[in-house]
Each structure stands twice: as structure tokens, then as C-alpha cells.
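Structural overview for review
Listed here are the chains, written in short residue letters.
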There are 2 protein chains.
Amino acid sequence: MKHLPQSEIALRVGKISQQLNALNTDAILISNNANIFYTSGQVFSGYAYITKDGETTYFVRRPVGLEGENIVYIHKPEQIADILQAQGKTLPKSIGLELDITPYSSIERLRKVFPEAVVSNASGILRTARSVKTAYEIDCLTRSGIKHAMVYSHIPSLFKEGMTDLELQVEIERLSRLQGCLGQFRISGESMELFMGNLLCGENADNPTPYDFAMGGAGLNPSLPVGCDGSTIKPGMTVMVDMNGNFTGYMTDMTRVFSVGKVDELAQKAHNCSIRITRELARAGKAGAEAKVLYEHAADIAREEGLEQYFMGHKQHAGFVGHGVGIEVNELPVIAPRSRDILSAGNAIALEPKFVIPHVGAVGIENTYVVTESGMESLTNAPEEIISLS
Amino acid sequence: MKHLPQSEIALRVGKISQQLNALNTDAILISNNANIFYTSGQVFSGYAYITKDGETTYFVRRPVGLEGENIVYIHKPEQIADILQAQGKTLPKSIGLELDITPYSSIERLRKVFPEAVVSNASGILRTARSVKTAYEIDCLTRSGIKHAMVYSHIPSLFKEGMTDLELQVEIERLSRLQGCLGQFRISGESMELFMGNLLCGENADNPTPYDFAMGGAGLNPSLPVGCDGSTIKPGMTVMVDMNGNFTGYMTDMTRVFSVGKVDELAQKAHNCSIRITRELARAGKAGAEAKVLYEHAADIAREEGLEQYFMGHKQHAGFVGHGVGIEVNELPVIAPRSRDILSAGNAIALEPKFVIPHVGAVGIENTYVVTESGMESLTNAPEEIISLS
């Protein structure tokens, strides 16, 4: 595939075939856009077929004219077995499919592509492979982080007195897009939707949402009940900006807090506590660290500072303090109380210890880090204190 | 539910329970955001349970504090059967689930909620119910269409000489968002992704994409290969604008073409042909019309005018000329060669007979219509000719 060096594809496919061997599964057949992008370097409509020997075939429906090796055009998945046999290949006796993300009807159809094969769930294989980023992927994230921080540095210049939360968010969207932000917020799973991120001002931050995001917001319409709600930004409120950092196909996640004039002492204290938590977790988050221990460390600090009732929400609490990021915004590992994840060098993790302070708004920061043997290194470098808009 | 009048919920649930009776299915259990929004008037995390008698229960996981009738809070779907039994209700012997859109693993879990029940596919029931809009829904679409057309009327004032396609698109995005566009592009199905619509200038329109959209574009990154690619807008090129019209949770679909100076005769001819096709189809598209006959009518006109090689694409052709719209952009009916759909009064249909002219770009218009007994009425009213940007 022309968008990704063959050596990079080999690295990624290697991580998949290694797991296939360990699980004694002959091959996987995947079609999810994020996984297609991961294994080929571009999104196409069709399937990537990867064997435990690392042989890869891209069965492409659309677009016409794709350039690269191992591409076979098909009209429908039912052709796949015949094509493999015509190439003299043995059909798999066991096949991994993306059972956690592919609709039931599509799986029932794909199952018949290899009617003799035992079907297993390949979702975990892909999630595991993708959780440890290659140097190439870390470079993509690094470039997203630089643009992301640059956009945030201009936020005070976008603010005008009397603006609503939507108006400020739209100016940030515009600047991000002009800097090359793709906009698309890729989220794994059934029911999380978000348009280019969240800007939460004042009490709107305490409106609970249906989605499993760290922060809330009533939104503009009951069809998308999250984020800004048209409130006017006023002195004493906080403005939490948590906007899309998808500049390269790989997303950094970054939050900063702004205000018009000073915020009250409790909000300031909670914000400083968030900074403290990210720093302590970044130090503790070495390869080999347990995700759940990191979560407990964060919750302990919040408790120690008497802020537990505001930690990760007030009316509704989110159940995590960090999450893997990459092609999608909710990758592994998850920094949560019951997580079994162990950090590895190459994990990209967003830490977002946030607080909602009634009558003031949301405070706290979020950075995206890469895990190393000696701790976590931030990719979203910018001032962390509450930044004045006035 | 507070966002939708009870009478409106009753209308929608009535369309579902009528089908359940016809199919002899006791109940459905649905969780897809679009279907949750349809049956409750708001998105929540959880399940809507609707019986063939029209009894509805909303099993809600998040957000906390939802107001309205028939709401039961749960932590997990496994509680549902016990709750129904505690309410003295009979458990269903047959249950419809959204097999076409819900991941395999989730269906396997939901199947165990009612272990005695026969599972059937409820996707078609929801698609059918949603394809015929209520007066309330048509009002939502009408309001979206008015805003959509208003935003388009300002496009010439957003253009500056030397702009790239991305720069113009971003200014349209900004204006739309300030007018209340939610941005979110809801698309049913596994693999179609789009960020707030497409602006295609010049030859970029002929770049094929993986997605089943009418038009193409290389995009800005291989992770999202669709739409504008950073080309500078120059005299003689067309600029096709096909941007998101989601102002109310219901999306209108609308396309207009702009240019700097005159475009060549072939492009002008094809654009006029598109206007002719929409007018003839809008006249022929009465309740009872066959979708495939409408498609053939459109293709016949393109052939008659000698434009078939450019019709619905040039290097890659889309296989339809129109599609239902509403909560999602790809609803029923589909105006395609092998469609079995018959038009009904209340269908909302986007007609988009488009052409790609090599070296010039994409031409043609798109309007969203409501089907009546006497034809189709446009909701996206604005001048249809190629509009000058200079």
C-alpha cells in the first residue's frame, strides 16, 4: 500500500501474526475502518486477510485503482475463499473476526466465507496490537500533539467578551481545521458520538450525558446531548476545552481550562490537584506499571485533598482517569479501578484527572503521553495553569 | 420523555407495534442511538423495549436524572427480564434485535436476556417505520432545510480569490455551526465516515473513494480518503458543495455548484441535465411510484443527453440517484436500479443526479423532498443554476 512503508506494515502484521500463533488461530479477516487503516495505511472498503505466517491480502471493493502489493479486487466477500484456493493457498481451519465491532448480520455472512472454519473473536488481537505504538505511529501522534498545542495557544486571541460557548468552540474548530485537523472523532464501540470535541463553560459541565466521556454538557439538541449548550461565557466561570487532535489519522487528546478573570479558590485548588495527579502518574507510569494502581493513585490524591466528590464529575462520575489513544480515542490501556492492563513501552495514554465544581464549571487538564521504561512523556506540551481569556 | 410529546411517541411506537403484530414478534429491544432517538426523542445509553401491544419501557444506563414516563434505571441488560417480571409482565417468546447494526458480541449478550425467546432481526422494522416521516419529523426536516438553504445563500460572500477548497469548506462549516448545525453526520452501517460534508473542486471530484457516497475526493489524509484535498479554487473549475444539514437532529441533504467565472459547455449542459432530472423525478415521485423506475427515468435522461459516462461519477460510479434522509443520511427508500422500494407519502428523499466532468469537476444539484400523493415537494429551496463566486 502506497501510504505506508512495507517495513511498517510488516511490523504491524508481525504483532498480529504473533498473537495468532499464540492463540492457534490460522488467520483473521477484518473490515473495520480503523483496523483496515492500521493494517494497510489507508481506509478502503473491503477486507484485510492476515494469516499466522504473516501473509497479508487486501480484498478491496472500493475505491477503484488502489496501488500496492497484495491487492485483489472483489465484489463480495463470498469470492475470498475461491481466490485463496486459486492462489494455491490452504483455507484457514480457524478464523478470527471482529466480533466486538462488526454487526451480527455481517458476521453471519463472513462466517460462511470459510464454512469449515472455527470462528473466534479477533477484536482483542487488534486492540492489543494497536495499544503498543510503533515509532512511526508515535511520530504521527507527536505531529498531532504539536498542532494540537499550537491551536490551543491561540485560544485567548479567539475570545471576545460576550461570546457563547458555541461561538468560541466554532472559532477553535475553524482554526483547527485550517491547521489540518481532519475533524473526524474516531471512537470504538457502539454508541459514543462526538462532533470534534467539547467546550464546557460554567454549570453546563455538570449536566450528565449518556456517553462514557469524562465530562458532560447538555449539548444543543437531544439528538446529541453532550458539550456546549449556548451558555454565555461570564466572569468566574471556567471554560474547559477538550477538542479533537486528529491531524494525522492519529489523535492526541488534550484539555486546558480558560477563564474570564479569577475563579474561586476551590476550583483553583482542584485544577492544581489535577496538575499534580498528571505529574505523579506520569512519573509512576513506567512500562510494567499496573493501570488500576495508577487509577487508585489518582483517586487517593483527590481524596487526600478533600476533592473526591468533584473528581471525574459531580452529578455523574466517569469511571476512569485515563485511556489509550491512537487511531481511535478509546484504545487500550484503560486507567480504571478494575482494569487488568499493564503499561508497556509504546502505549499512548491520555490522562485526564478532571473535577466539576458546582456553580463554577470543570477544571483539570489532559495530556497525551507515550509510556517509556522510565515514565510517561507528554506529547501535548503547553502551559497547564488556568489561562486568562481577558 | 420530555423532549417529545407523548402523542408523537405513540405514533412512532404504533408503527413499530403494527409491524410486530404482522410479523408475529412479541417485542423488540433496541439500543442504537438513532433508533433510541427515534423512539424516545433523545439519545441515552440503554435500551428501548417495545411490545406488540405498544407498551414501551426505557431501560436507561446513563445519563442520571432522565425525566419522563416508563423510565427504569439499570446497570446492565441482564436485569431487564427480572424487572419486567417484577412488573407482572409476560416475557416475550420472540424478540426482535437490531442484527444489522449491533455488534455480534452485543447481540450474543442480549440474546441471553430472554433465553427462551426466538430472536429475529428488527433492523427492517425500524428502517421501515423511520422511512415514513410524521408531521413532527417533517417539521424538523423543514426547519433544517430552511437553515441549510440560508447557509448556502451566503457561500459567495465567504469566498476569497486564491482560497483552497479546504479554506472555503471551513468557512462554510463555521457559518453552519454558528447557525446551529450540530455537525454530526449520522450514517447507518459499518463503514461510511464523513466529517460534516464534502466540498469538491475541479479534478479532485474524480478521485474515487472507498465510501458509497455519490461523489468522491481524495481527502486530506489516507485515514479519511474523501472530500477536499487542499486544491486551490481556480477559474473554470466547479466547486460542488454538499455539506451537513443537521440542524434539528434531522438532516436535509443539499448540493449546489459554484464557480469562478464560466465553466465549459459540457459541464453547463450536465448541470442543466441534473436540474431537469430532479424536476422530472419530483413530478413522477408520487406516493406509489417505484423507486427503480425513478432511477431508470434518471439514467434514461442522462443517456438521452449523451452524458451517461459522466453520470453519478466518471472513474467510479455510484449506484443510486437518491436516498431517504432523516435521523441518518442513508435511510429508505433507495432510488437505485435494483431497489424494491415503493414511495409512500411522508418519505423524505434526497435526489442527487450528479455528473463528474473530467478537468472541470462535479456538477449537479441535490435537494431533499417530501413525497406526497401528487409528487415531491422540496425542502431545500434555493437557486439551482451554477452560482458565481466572483
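What you see is a predicted model, and the numbers here were worked out from it, not measured in a lab. (Residues numbered from 1 in each chain as written. Chains lettered and ligands numbered in written order. Predicted model: local features only at pLDDT ≥ 70, side-chain atom pairs only at ≥ 80, totals over all residues.)

**A few points about the overall build of chain A**
Broken down by element type, chain A carries 10 helices and 19 strands. Counting only C-alpha atoms, chain A reaches 70 × 40 × 35 Å along its principal axes. The 390 residues of chain A split such that 56% are buried. Counted over contacts in chain A with a minimum sequence separation of 6, partners at least 24 positions apart contribute 68%. (Helix = DSSP H or I, 4+ residues; strand = E, 2+ residues; numbered from the N terminus. Buried ≥ 20, exposed ≤ 12 C-beta atoms within 10 Å, placed from the backbone. Contact = placed C-beta atoms within 7 Å.)

**Quick look at the pairing of strand S7 (residues 197-201) of chain A**
All names here are of chain A. Counting buried positions along S7 gives 5 out of 5 residues, so the element sits mostly inside the fold. Covered by surrounding structure in S7 are Gly197, Leu199 and Cys201 together with Asn198 and Leu200, the residues of both alternating faces. Sheet analysis places S7 next to strand S8 (residues 238-243), joined by 5 bridges and oriented antiparallel. Bridge assignment links Gly197 to a residue of S8, and that residue is Met243. (Pairing = 2+ DSSP bridges.)

**Describing the sheet that holds strand S17 (residues 367-372) of chain B**
All names here are of chain B. Spatial strand order, S13-S12-S14-S17-S18: 5 strands in an open sheet with antiparallel pairing. One side of each edge strand has no neighbouring strand; the edge strands of this open sheet are strand S13 (331-335) and strand S18 (375-378). Averaged over all pairs of adjacent strands, the angle between strand axes in this sheet comes to 30°, irrespective of strand direction. Of the pairings in the sheet, the one linking S17 to S18 comprises 4 bridges and is antiparallel in character. Residue pairing across strands places Val370 opposite Glu377, the latter belonging to S18. Across the sheet, helix H9 (residues 265-284) touches strand S14 (348-351), S17 and S18, and the angle it forms with S18 is around 125°. (Axes fitted to C-alpha atoms, helices over the stretch in contact; angles between N-to-C directions.)

**Considering the domain arrangement of chain A**
All names here are of chain A. Domain annotation for chain A reports domain 1 (6-130) and domain 2 (132-388). Taking only C-alpha atoms, the centre of domain 1 and the centre of domain 2 are 34 Å apart. Contacts between the two partners involve 10 residues from domain 1, matched on the other side by 10 residues from domain 2. In terms of residue class, the side of domain 1 that touches domain 2 is made up of 5 nonpolar, 1 polar and 4 charged. (Domains from an automatic or database assignment. Nonpolar A, V, L, I, M, F, W, Y, C, P; charged D, E, K, R; others polar.)

**Points about the environment of B:Ile342**
All names here are of chain B. Following the sequence through the fold, Ile342 ends up in the loop between S13 and S14. Taking the C-alpha atoms as reference, Ile342 lies 5.7 Å from Ala291; in sequence the two are 51 residues apart. If sequence neighbours within four positions are ignored, Ile342 has contacts with Gly288, Glu290 and Ala291.

**Examining the sheet that holds strand S6 (residues 118-121) of chain A**
Residues and elements named next belong to chain A. With mixed pairing, 6 strands are arranged side by side in an open sheet as S4-S3-S2-S1-S5-S6. The strands lining the two open edges of the sheet, one partner per strand, are strand S4 (71-73) and S6. On average, adjacent strands in this sheet sit at an angle of 25° to one another, irrespective of strand direction. In the sheet, strand S3 (residues 56-62) pairs with S4 via 3 bridges, with the strands oriented parallel. Each bridged residue has a counterpart across the sheet, and for Phe59 the counterpart in S4 is Val72.

**Regarding the nonpolar core**
The biggest cluster of nonpolar side chains holds 230 residues, and the ones touching the most others in it are A:Ile28, A:Leu29, A:Val239, B:Ile28, B:Leu29 and B:Val239. Excluding residues within four positions of it along the chain, B:Ile28 makes contact with B:Ile16, B:Leu20, B:Ile50, B:Ile95, B:Gly96, B:Ala122 and B:Ile125. (Core = buried A, V, L, I, M, F, W, Y, C linked by C-beta atoms within 7 Å.)

**Regarding the interface of chain A and chain B**
Contacts between the two partners involve 52 residues from chain A, matched on the other side by 52 residues from chain B. Broken down by secondary-structure element, the contributors of at least two residues to the side of chain A that touches chain B are helix H2 (33-40), helix H4 (104-111) and helix H8 (165-178) of chain A. The dominant element in the side of chain A that touches chain B, judged by the number of residues it contributes, is H8(A), at 6 residues. In terms of residue class, the side of chain A that touches chain B is made up of 22 nonpolar, 21 polar and 9 charged.

**As for the environment of A:Ser105**
Here A:Ser105 is to be found in helix H4. Owing to 17 C-beta atoms within 10 Å, A:Ser105 belongs among the partly exposed residues under this scheme.

**Examining the confidence of the model for chain A**
Where the model shows low pLDDT, its predicted coordinates should not be examined in detail. On average, residues of chain A carry a pLDDT of 97, and 100% of them reach 70 or more. For this predicted complex, the interface score ipTM comes out at 0.97, while the overall pTM is 0.97. (pLDDT = per-residue confidence, 0-100.)

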